Amino acid sequence: MAELGAYRCIECNREASELYRDYQRGVLRISICNGPVIHLEIEEAKFSQQHLLSSPTFIFRKSCQKPVDKYIEYDPVIILINAILCKAQAYRHILFNAKINIQGKLCIFCLLCEAYLRWLQLQDSSQNTDPDDLIRYAKEWDFYRMFGIASLEQTSFIVGIFIALWQMRPEMLKKKSDFILLLKALLLSSYGKLLLIPAVIWEHDYTPLCLMLIKVFVLTSNSQAIRVTLNLNQMLPWLAIFIGLVLENGTVCLFQKMGWNV
């Protein structure tokens, strides 16, 4: 049996020590969320008839008595569909219970997709069709430059989110593992950028609209990932994303002032 906290219940976000129990001979039983009661201490303002005072409040949260993770017996396609629908249960399964570690490769591939889109738009705006080797080298260098710019913009966006959450809820990011988990959640939830390539390949009059919808979908996925990872309400993740976008746009303005075409 794993230590408590190795997994999470996808329904109530409680820590769990196992997802299923193996009774041998092919008999498996999904674990039920029925651990001990959690005591949460929260600083809360209470109104009384005489005065306003601030005192610690204890909340007793019972287990949900549901399967810890029903997705362990689901087909990956079903899990992906639920993730696309931004269901919190699917996000908890992917982030806490599935032990997926492809966020680095996924991030690089998404940046390549974004760099290719920008590079293609840059080539469309250029009227030079000279096949000279120097021209081809310049075009190749433009792609590397777009990749670097996309990487810096993504870094600025993530840094802005971390700064915002650190200022609003510093208790949520006390340990290094908290930062790593949140970074993993943000990178994995940016999988929607992979849709940039089909949107460019099947180009049509509605391509700009498709690109805008992809951007909205990625931001919505990022918001849900932050909410699930830190167990926040819906407002704080969007506020953090807004600050991340401000810092990202500030980086874009800096590049434009330097004379770079982004």
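Conventions and cut-offs
Residues numbered from 1 in each chain as written. Predicted model: local features only at pLDDT ≥ 70, side-chain atom pairs only at ≥ 80, totals over all residues. Heavy atoms only, no water. Salt bridge = Lys/Arg side-chain N within 4 Å of Asp/Glu carboxyl O. Buried < 20%, exposed > 50% of the residue type's maximum accessible area, 1.4 Å probe, protein only. Axes fitted to C-alpha atoms, helices over the stretch in contact; angles between N-to-C directions. Helix = DSSP H or I, 4+ residues; strand = E, 2+ residues; numbered from the N terminus. Parallel < 35°, antiparallel > 145°, perpendicular 65-115°, else oblique. Left-handed = near helix turned anticlockwise from the far one by under 90°. Contact = heavy atoms within 4.5 Å. pLDDT = per-residue confidence, 0-100.

**Some remarks on the pattern of salt bridges**
So, step 1. Evaluated as defined, the whole model comprises six salt bridges.
So, step 2. Where E18 meets R21, a salt bridge forms, and the shortest distance between an N and an O atom there is 2.6 Å.
So, step 3. By relative accessible area, which is 37% here, R21 ends up partly exposed.
So, step 4. Three or more residues are tied together by salt bridges with common partners; here these are E114, R118, E153 and K193.

**Points about the packing of helix α5 (residues 176–188) against helix α7 (residues 207–230)**
So, step 1. Their axes nearest at 8 Å, the elements α5 and α7 cross at an angle of 155 degrees. Judged on the interaxial angle alone, α7 and α5 are roughly antiparallel. Crossing hand, α5 versus α7: right-handed. On α7, the residues that touch L181, L182, A185 and L186 of α5 are N222, A225, I226, T229 and L230.

**As for the confidence of the model for the protein**
So, step 1. Of the residues in the protein, 79% have a pLDDT of 70 or more, and the chain-wide mean is 81.
So, step 2. Averaged pLDDT values for the elements of the protein fall to 41 in strand β5 (residues 38–47) and rise to 94 in helix α1 (residues 76–84).
So, step 3. Overall, residues 37–60 carries pLDDT values under 50, and its contacts beyond four positions in sequence, including any with other chains, amount to 36 contacts.

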